[in-house]
Amino acid sequence: MNLSGLSQLFIPLLVLSIIGYALYKKVNVFDEFVEGAKEGLHLGITVFPCLIAMIFGINILLKSEILNHVFLFLEPFFSFFRVPVEILPMALIRPISGNASFAVMIDIFRTYGVDSYLGRIAAVMQGATDTTIYVLSLYFGSIGIKNIRYALKAGLFADVVTLVMSILLVTLVFGS
């Protein structure tokens, strides 16, 4: 059997081993599965309003095209620090939505190339940052936490550090 055949058997074997272990421990697998499905459905209903609110906010931000005007205004400042303005849409969208930032990264790849300076920065940012606002709204909203305290500040600070480090590391390793 080759590696491809083994990988196709992995999930079924894993499920069967879990069921076998549950039967060994005398756990009613079907009842536990149904209970877990009920909890998952309840969690989905709880999280759904948070996701809708976040998607609505993102769409308003993107459709208003206010970001283009902000980037034009800030271009001299970022040019002074040698930060390419073309990476800013991804830097702003990445904490909100992984899929939207992925789309921006693909657009950067198409426009500038995968091995370009901007393409490399975008790739490092995509791999090194997290969807901070998405994670906070989803997880904190699903358990009812209203005061996120320092989590947002720490997450956004980590995102800014990652942007700066992405630019520095790509410049040091590949040059500009």
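Residues numbered from 1 in each chain as written. Predicted model: local features only at pLDDT ≥ 70, side-chain atom pairs only at ≥ 80, totals over all residues. Heavy atoms only, no water.

**Notes on the nonpolar core**
Counting residues in each nonpolar core, the largest one holds 21 residues, and the members touching the most others are Ile87 and Met125. Looking at this core, the elements with two or more residues in it are helix H3 (66-80), helix H4 (88-93), helix H5 (98-112), helix H6 (117-128) and helix H8 (151-174). Not counting residues within four places of it along the chain, the set of residues in contact with Ile87 comprises Ile108, Leu118, Ile121, Ala122, Met125 and Leu163. (Core = buried A, V, L, I, M, F, W, Y, C linked by side-chain atoms within 4.5 Å. Buried < 20%, exposed > 50% of the residue type's maximum accessible area, 1.4 Å probe, protein only. Helix = DSSP H or I, 4+ residues; strand = E, 2+ residues; numbered from the N terminus. Contact = heavy atoms within 4.5 Å.)

**Things to note about a nonpolar patch on the surface**
Together, Leu9, Phe10, Ile11, Leu13, Leu14, Val15, Leu16, Ile18, Ile19 and Leu23 make up an exposed nonpolar region whose accessible area comes to about 940 Å². Examined against the element boundaries, Leu23 turns out to sit in helix H1 (residues 3-24). (Patch = residues over 30% accessible without salt bridge, like charges linked within 9 Å, V, L, I, M, F, W, Y side chains within 5 Å. Areas by Shrake-Rupley, 256 points an atom, 1.4 Å probe, with all protein chains shown as cover. Salt bridge = Lys/Arg side-chain N within 4 Å of Asp/Glu carboxyl O.)

**Observations concerning the confidence of the model for the protein**
Keep in mind that low pLDDT regions are not for reading the predicted coordinates in detail. Confidence in the prediction of the protein, expressed as mean pLDDT, is 85, and 97% of residues score 70 or more. Least confident of the elements in the protein is helix H7 (residues 132-142), whose mean pLDDT is 80; most confident is H6, at 93. (pLDDT = per-residue confidence, 0-100.)

**Examining the packing of aromatic side chains**
Counted under the stated rule, the structure contains four aromatic pairs. A centroid spacing of 5.1 Å and a plane angle of 65° characterise the contact between Phe77 and Phe81, whose relative ring orientation is edge-to-face. Overall, the relative accessible area of 48% leaves Phe77 in the partly exposed class. Here Phe80 and Phe81 contribute two aromatic rings whose centre-to-centre distance is 5.1 Å and whose plane-to-plane angle is 85°, an arrangement assigned as edge-to-face. Each residue in the set Phe77, Phe78, Phe80 and Phe81 is aromatic and connected to the rest through ring pairs, giving one cluster. Directly above the ring of Phe174 sits Arg120, whose terminal nitrogen or CZ lies 3.9 Å from the centroid. (Phe/Tyr/Trp six-rings, centres within 6.5 Å; stacked < 30°, edge-to-face > 60°. Lys NZ or Arg CZ within 6 Å of the ring centre and 35° of its normal.)

**Comments concerning a negative patch on the surface**
A contiguous patch of negative charge, built from Asp31, Glu32, Glu35 and Glu39, is present on the exposed surface. Along the chain, the position of Glu35 falls in helix H2 (residues 29-63). (Lys, Arg positive; Asp, Glu negative; His and termini not counted. Charge placed at Lys NZ, Arg CZ, Asp CG, Glu CD.)

**Details of the side chain of Ser101**
Its location among the elements puts Ser101 in helix H5. For Ser101, a relative accessible area of 0% corresponds to the buried category. Once you skip the residues sitting within four places of it in the chain, Ser101 turns out to touch Met90, Ile93, Arg94 and Gln126.

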